[in-house]
Amino acid sequence: MKRTILILILLTFVSSILLIGCEGKVKPSVSSLEFSDEIPSQESWNATITFSDSGRITGILHAGHIMVFSSKRITLLDSMITVDFYDDNMIHTSTLTARRGRVNDDTQDLEAHENVVVISDSGSTLRSESLYWTNKTKKIHTPEYVEITTPTEQIKGHGFESDRSLKNKVIYKVTGRAKTNVN
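Residues numbered from 1 in each chain as written. Predicted model: local features only at pLDDT ≥ 70, side-chain atom pairs only at ≥ 80, totals over all residues. Heavy atoms only, no water.

> Run through the overall build of the protein chain, naming residues and quoting values.
Counting its regular elements, the protein chain contains two helices and ten strands. For the protein chain, the N- to C-terminal ordering of α and β elements is α-α-β-β-β-β-β-β-β-β-β-β. Counting only contacts in the protein chain whose residues sit at least 6 apart along the sequence, the fraction spanning at least 24 positions is 36%. For the protein chain, the accessible area works out to roughly 11400 Å², and carbon and sulfur atoms hold 55% of it. (Helix = DSSP H or I, 4+ residues; strand = E, 2+ residues; numbered from the N terminus. Contact = heavy atoms within 4.5 Å. Areas by Shrake-Rupley, 256 points an atom, 1.4 Å probe, with all protein chains shown as cover.)

Following this line, the structure appears as structure tokens:
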């Protein structure tokens, strides 16, 4: 009986130490958990990927950490990503930043997640938690909440689609709109 009580006390003590030791630990990023059972076929730090179409640069991506999963044809990006977008004449149009992302290696479609900001060269700024680039249509879009600030107005809403320069945009469910002061 004494031995059973001693074992129970010891197990309780060890469990308490393990639980206390887990407090304050940083959770791994979602992108690293997504394929946690698979080892990436390639891995890079502080890397750059250039996207092109018919010899023309359409985007340049910088990421602190890149993991390529060849068998799934997916590339995961984390540790802050930046994408510079270019138009058909290879003129810079906008810059996207986000904490993490994902590229479909077959379609070159991009997902950006967490603190997504797009700043266009024309002066518009888009903020959202998720944003998607569809390479075939050359459009950015999201079903999520967005805030867009232009030189003349601020618009908030849910659901968004635009070209890469943020000039031709649609917000599907506008929840707020305000004019900004133009000096």
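Once you've had a look at it, read on.
> Please provide a residue-by-residue account of the nonpolar core, values included.
Counting 27 residues, the largest nonpolar core has L61, L77, L96, L126, L131 and F160 as its most contacted members. At the level of secondary structure, the elements contributing two or more residues to this core comprise β1 (42-53), β2 (56-69), β3 (74-86), β4 (92-98), β6 (110-120), β7 (125-134), β8 (139-149) and β9 (153-163). (Core = buried A, V, L, I, M, F, W, Y, C linked by side-chain atoms within 4.5 Å. Buried < 20%, exposed > 50% of the residue type's maximum accessible area, 1.4 Å probe, protein only.)

> So, the environment of K136: which residues are in play, and what are the values?
As for its placement among the helices and strands, K136 is situated in the loop between β7 and β8. In sequence terms K136 and D109 are 27 residues apart; their C-alpha atoms lie 8.0 Å from each other.

> Lay out the side chain of S120 with the relevant residues and their values.
Turning to its location among the elements, S120 is positioned in strand β6. With residues near it in sequence (within four places) discarded, S120 still touches T93, S94, S165 and L166.

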